[in-house]
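Structural characterization, general
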Amino acid sequence: MRYWSLIFALAAAFSVGAFAYAPFSADWWLPNPAGEPRHVVSTFGREIDALFVIILWLTGAVFVGTHAALIWAQFRYADRVDADGKPARPAQYFHGSQRLEVVWTIIPAGILVFLALYQMDTWANIKFRSAAPRTPVLAELTGRQFQWMMKYPGPDGRLNTPDDLFTVNDLHFVKDRTALIHLKSADVIHSFFLPQMRIKQDAVPGMTIPVWFDCDRAGRYELACAELCGWGHYKMRGDVVVHETEREFQEWQAAKLAEQGRSQLATAPGDPGGDEK
Amino acid sequence: MIVRRRLVLGLGLSTLMTLAAGCSDADLTGPIVYEEQPALTREVEGKAHLAGKPKIQAKARKALEKLYGPAPKEIHVPEGAPLTKDESGRLGMLLANFEQTPEGPKKLDHAGGYGLYRRHCLHCHGVTGAGDGPTAPFVFPPPRDFRRGLFKFTSTPNGARPDRDDLRRSIRDGLHGTSMPAFEALLTAAEMEQVVDYVTFLSLRGETELALIEEGFIGDDEDEDALGDDVVAELVQGVFGKWEDARDAVVNPPSPRTPPSPESVGRGRDLFLGRTKEKLECAGCHGAKGLGDGPSFVEVGVFNRVVFGGDPSKMPERVAKLDDKTRELWKQKLDEWGNPLRPANLTRAVYKGGRRPIDLYWRIAKGITGAQMPAHYPGIDQAQIWDLVNFVLALPYQPELLDEPSTAGVTAEAPAVRR
């Protein structure tokens with residue numbers, strides 16, 4: 001029976017090996033831009049990842065330690081019988097060890113207190129309303145089953161005026177600039193999730209929640225709903241486009257506004273139908 | 001001891017096999033088949049049906065199978081169908097995942113409209129496109145039944161088939177205010193074409209089925225020539241022809257939108273309230289405040305109680321409990337598919353068919369197919385339609401436009417929306 005412990009040892013070794021290998025594989029590690037598997041695109045993302053790695057190391061050390069003890073105990077004491085064929089060390093009941101209890105309570109508690117204090121700054125920077133950047137609102141995002149509806153202030157820079165730009169599942173902002181959105185829900189609890197920027201915030205009906213983030217690489221990213229908000233939950237996928245320059249963003253907005261203001265099919269020669277975006 | 005061990009082994013194996021069989025896709029769903037129109041076999045009051053005509057029924061089934069294939073897993077594309085041709089000129093190649101070759105089925109390198117439809121659309125719109133998928137009872141308005149070829153938000157005249165762009169737009173942008181989501185971030189442009197093709201295919205199939213039923217209804221079951229090949233070919237050409245004509249029937253406003261000046265918005269308001277010589281009755285349905293609560297429709301409270309007040313399948317029972325007058329009104333205000341209708345609340349800035357001025361122009365000028373919104377062109381001219389569009393677009397930001405007595409405090413650019 002003692003060799004069963006080797007199965008546990010293998011399972012533990014595989015788990016540790018998987019984590020050791022993960023950072024070197026773009027598919028296994030946290031979502032980062034293709035070609036730059038170890039670059040996190042957002043400021044908060046870097047903080048979150050640092051916290052993640054610390055927790056991973058701590059839990060990893062505890063995992064390795066406890067498994068080593070477990071496997072050693074299994075291997076050392078299983079199947080040991082004396083000359084009469086009875087277990088060499090029969091199991092014995094004992095009431096418990098207060099010293100041990102105190103030790104294995106204080107150590108995890110200490111770790112948790114350390115993590116709780118250590119992450120506070122990051123949490124405050126990302127989530128506290130008072131830390132919200134003093135910038136104009138990029139857009140108002142409303143989650144509903146099953147899509148993200150976006151409303152950008154138009155040329156007048158103010159929301160809820162007739163020149164607002166409406167899009168669906170299409171979030172745009174500019175590189176290296178903090179984007180502030182107002183998050184709402186029209187029906188159930190949704191979860192606004194930008195995996196590459198490590199931003200996740202629930203959208204709660206009846207509340208307007210400010211959410212802010214940035215990105216240092218122009219490109220196309222993903223917006224998902226991380227809440228199981230219903231049968232079509234997976235359909236709440238959106239495109240996030242980070243523009244290189246403000247000018248590029250303005251051009252995109254102008255083109256969208258022109259389409260939103262369309263009052264005739266294009267009649268210019270050579271234009272194929274004109275109803276394409 | 002050995003007996004006990006065998007017993008345990010047998011029990012374990014049988015459990016495993018039951019589980020394996022129970023988890024198989026085929027066992028859970030059964031074969032995937034198109035659902036027949038009820039009128040093919042049963043008497044349907046006030047409509048053409050083939051009840052009591054087994055020979056014609058068999059002919060109709062055979063014709064459908066020959067034209068469109070026996071089941072969704074074996075798609076046939078009739079010659080000349082108004083569907084996309086692929087790069088090599090083969091018709092209907094966007095529909096299936098497999099191509100039939102002399103050596104047997106060959107897997108294509110794209111998912112195919114059928115596969116995409118199964119993944120994204122089937123749970124609401126159903127296998128046959130009858131709008132009867134498993135999630136359909138839980139959404140309002142109910143998902144579209146494609147089998148009549150009628151679609152609400154089109155650029156073509158009222159009752160006409162949609163243009164391809166209309167279907168594309170609905171899939172890409174979704175229908176705001178309904179449960180139809182936007183698929184822009186989920187499907188590539190090429191995949192969207194495949195879905196448009198498959199939806200068109202389901203419509204063509206459904207329309208052909210209805211045409212066969214209507215034709216068979218006037219035929220004699222004993223007549224050998226009833227639903228003959230020539231007749232079927234003619235019916236199918238009729239179905240295809242309607243789709244082919246759609247592109248040429250797209251309505252393009254002759255002039256661009258009138259600038260949304262206070263004067264234009266004011267003229268639109270007068271049209272809305274029926275204060276012009278044309279006596280439009282917009283307010284009759286959409287309400288004097290544009291809230292979608294006009295007297296032509298059942299009261300909002302009653303409507304909500306009936307539609308959302310419990311098990312959707314028990315809606316007829318709730319309707320039966322209404323007083324005679326309300327019940328009568330209820331029956332009059334159903335759409336072509338028999339679903340209850342509600343006029344849009346124009347103060348919410350939610351436009352199902354799109355918010356572009358051209359979208360609103362289409363809704364006003366040519367109405368909404370299958371719903372009770374009538375075509376207003378040529379009853380009013382295009383300049384008046386633009387005035388109405390300007391009014392409708394301004395209303396959410398200027399609810400005071402419909403305050404009575406209105407003292408024309410009309411401004412085109414209101415500072416803030418009140419919602």
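Residues numbered from 1 in each chain as written. Chains lettered and ligands numbered in written order. Predicted model: local features only at pLDDT ≥ 70, side-chain atom pairs only at ≥ 80, totals over all residues. Heavy atoms only, no water.

In the nomenclature of an unreviewed UniProt entry, chain B corresponds to C-type cytochrome from the organism Paludisphaera mucosa.

The name an unreviewed UniProt entry gives chain A is Cytochrome c oxidase subunit 2, with Paludisphaera mucosa as the organism. For chain A, the Catalytic activity (unreviewed entry) comment in UniProt is given as "4 Fe(II)-[cytochrome c] + O2 + 8 H(+)(in) = 4 Fe(III)-[cytochrome c] + 2 H2O + 4 H(+)(out)". The Sequence similarities (unreviewed entry) comment attached to chain A in UniProt states, word for word, "Belongs to the cytochrome c oxidase subunit 2 family." (UniProt positions renumbered as here; feature names shortened; annotations may be inferred.)

Let's shift gears to the overall build of chain A. Broken down by element type, chain A carries 5 helices and 10 strands. In terms of C-alpha radius of gyration, chain A reaches 27 Å, well past the compact-globule figure of 19 Å for 277 residues. Projected onto the principal axes, the alpha-carbon positions of chain A cover approximately 100 × 45 × 35 Å. The 277 residues of chain A split such that 35% are buried. Contacts in chain A between residues at least 24 apart in sequence constitute 62% of all its contacts with a sequence separation of at least 6. Split by element, the accessible area of chain A, about 16,200 Å² in all, is 64% carbon and sulfur. (Helix = DSSP H or I, 4+ residues; strand = E, 2+ residues; numbered from the N terminus. Rg over C-alpha atoms; globule rule 2.2 N^0.38 Å. Buried < 20%, exposed > 50% of the residue type's maximum accessible area, 1.4 Å probe, protein only. Contact = heavy atoms within 4.5 Å. Areas by Shrake-Rupley, 256 points an atom, 1.4 Å probe, with all protein chains shown as cover.)

Moving on, we come to the sheet that holds strand 4 (residues 170–174) of chain A. Residues and elements named next belong to chain A. Taking strand neighbours across the sheet as the criterion, the 5 strands line up as 4-10-9-6-7 in an open arrangement whose pairing is mixed. Of all the strands in the sheet, the pair left with one neighbour each is strand 4 and strand 7 (199–203). Each strand of the sheet is rotated relative to its neighbour by a mean of 20°, with strand direction disregarded. As paired elements, strand 6 (residues 190–194) and strand 9 (residues 219–225) share 2 bridges and run antiparallel to each other. Across the sheet, Phe193 pairs through a bridge with Ala224, a residue of strand 9. (Pairing = 2+ DSSP bridges. Axes fitted to C-alpha atoms, helices over the stretch in contact; angles between N-to-C directions.)

All names here are of chain A. If you walk across this open sheet you meet the 5 strands as 3-2-1-5-8, and the pairing is mixed. Sheet topology places strand 3 (165–168) and strand 8 (209–213) at the edges, where each strand pairs with a single neighbour. Pairs of neighbouring strands in the sheet enclose a mean axial angle of 25°, with direction left out of account. Sheet analysis places strand 2 (residues 147–152) next to strand 3, joined by 4 bridges and oriented antiparallel. By the bridge assignment for strand 3, Tyr152 is matched with Leu165.

Let's shift gears to the UniProt feature "domain: Cytochrome c" (unreviewed entry) in chain B. All names here are of chain B. In the numbering used here, UniProt assigns the "domain: Cytochrome c" (unreviewed entry) feature to residues 108–203 and 263–396. Helix and strand shares over residues 108–203 are 40% and 0% respectively, and the end C-alpha atoms of the span are 24 Å apart. The span residues 263–396 is 46% helical and 0% strand by assignment, and the distance between its end C-alpha atoms comes to 17 Å.

Let us now look at the pattern of salt bridges. Residue and element names in this part refer to chain A. Tallied over the full model, the rule gives 37 salt bridges over all chains. Note that Asp49 is salt-bridged to Arg198, the shortest N-O span being 2.7 Å. Here Asp49, found in helix 2 (residues 43–77), pairs with Arg198, found in the loop between strand 6 and strand 7; they are 149 residues apart in sequence, far enough to count as distant. We note that Asp49, like Arg198, is buried. One salt bridge connects Arg262 with Glu259, and the closest N-O pair in it is separated by 3.1 Å. Using a relative accessible area of 17% as the deciding quantity, one classes Arg262 as buried. (Salt bridge = Lys/Arg side-chain N within 4 Å of Asp/Glu carboxyl O.)

So, on to the interface of chain A and chain B. In this assembly, 28 residues from chain A lie in contact with 43 residues from chain B. Taken over both partners, the interface formed by chain A and chain B buries close to 3,100 Å², and the fraction arising from carbon and sulfur atoms is 51%. Run the count over chain A and chain B and you get 1 salt bridge. When contributions to the side of chain A that touches chain B are tallied by element, the ones reaching two or more residues are strand 2, strand 3, strand 10 (238–243) and helix 5 (246–260) of chain A. Residues that form the side of chain A that touches chain B fall into these classes: 7 nonpolar, 10 polar and 11 charged. (Buried area = accessible area lost by both parts, 1.4 Å probe. Nonpolar A, V, L, I, M, F, W, Y, C, P; charged D, E, K, R; others polar.)

Residue and element names in this part refer to chain B. Contact pair helix 7 (residues 189–217) / helix 8 (residues 229–249): the axes reach a minimum separation of 10 Å and the direction vectors enclose 135°. In terms of orientation, helix 7 lies oblique with respect to helix 8. Considering the relative orientation of helix 7 and helix 8, their crossing is right-handed. Residues Thr200, Ser203, Leu204, Glu207, Thr208, Ala211, Leu212 and Glu215 of helix 7 touch helix 8, and the partners they reach there are Val231, Val232, Leu235, Val236, Val239, Phe240, Lys242 and Trp243. Its residues placed into classes, the contact of helix 7 with helix 8 shows 10 nonpolar, 3 polar and 3 charged. (Parallel < 35°, antiparallel > 145°, perpendicular 65-115°, else oblique. Left-handed = near helix turned anticlockwise from the far one by under 90°.)

Take the packing of aromatic side chains next. Evaluation of the coordinates by the stated rule reveals 22 aromatic pairs over all chains. Between A:Tyr3 and A:Phe75 the ring centres are 6.1 Å apart and the planes differ by 75°, which places this aromatic pair in the edge-to-face class. Residue A:Tyr3 is found in the segment before helix 1 (4–21), and its partner A:Phe75 is found in helix 2; the two are separated by 72 residues along the sequence. Given the relative accessible area of 56%, A:Tyr3 is considered exposed. Judged by its relative accessible area of 31%, A:Phe75 falls in the partly exposed class. An aromatic cluster of at least three residues, connected via ring pairs, comprises B:Tyr68, B:Tyr114, B:Tyr117, B:Tyr198 and B:Phe201. The side chain of B:Lys333 reaches across the aromatic face of B:Phe297, ending 4.9 Å from its centre. The ring of A:Phe166 is capped by B:Arg355, whose NZ or CZ atom sits 3.4 Å from the centre of that ring. (Phe/Tyr/Trp six-rings, centres within 6.5 Å; stacked < 30°, edge-to-face > 60°. Lys NZ or Arg CZ within 6 Å of the ring centre and 35° of its normal.)

Topologically, B:Asp223 is positioned in the loop between helix 7 and helix 8. The spacing of B:Asp223 and B:Thr258 is 35 residues in sequence and 60 Å in space, taken between C-alpha atoms.

Residue and element names in this part refer to chain B. Looking only at helix 9 (residues 262–272), the buried set comprises Ser264, Val265, Gly266, Gly268, Arg269, Leu271 and Phe272. The inward-facing, buried residues of helix 9 abut helix 10 (282–286) and helix 15 (382–394). One or two steps after helix 9, the chain reaches Gly274, where phi turns positive at roughly 75°.

So, about helix 1 of chain A. Residue and element names in this part refer to chain A. Taking 1.5 Å per residue as the helical rise, helix 1 with its 18 residues ought to reach 26 Å, and the 26 Å between its terminal C-alpha atoms agrees with that figure. Within the sequence span of helix 1, burial applies to Ser5, Ala12 and Ala18. On an axial view of helix 1, the arc spanned by its buried residues comes to 155°, and they lie on one face. Opposite the buried face of helix 1, at more than 90 degrees from it, the exposed residues are Leu10 and Phe14. Each element contacted by the buried residues of helix 1 is listed here: helix 2. (Expected span 1.5 Å × (residues − 1). Arc of directions from axis to C-beta.)

Sites flagged by UniProt as "domain: Cytochrome oxidase subunit II transmembrane region profile" (unreviewed entry) map to residues 22–130 of chain A. When the span residues 22–130 of chain A is considered, its composition is 59% helix and 0% strand, and the gap between its end C-alpha atoms is 37 Å.

Residues and elements named next belong to chain B. Residues Phe140 and Pro141 are joined by a peptide bond in cis, for which omega reads -5°. Inspection of the secondary structure assignment puts Pro141 in the loop between helix 5 (122–125) and helix 6 (164–173). In the segment running from Tyr377 into Pro378, the intervening peptide bond is cis, with an omega of 10°. With respect to the helices, strands and loops of the structure, Pro378 is situated in the loop between helix 14 (357–366) and helix 15.

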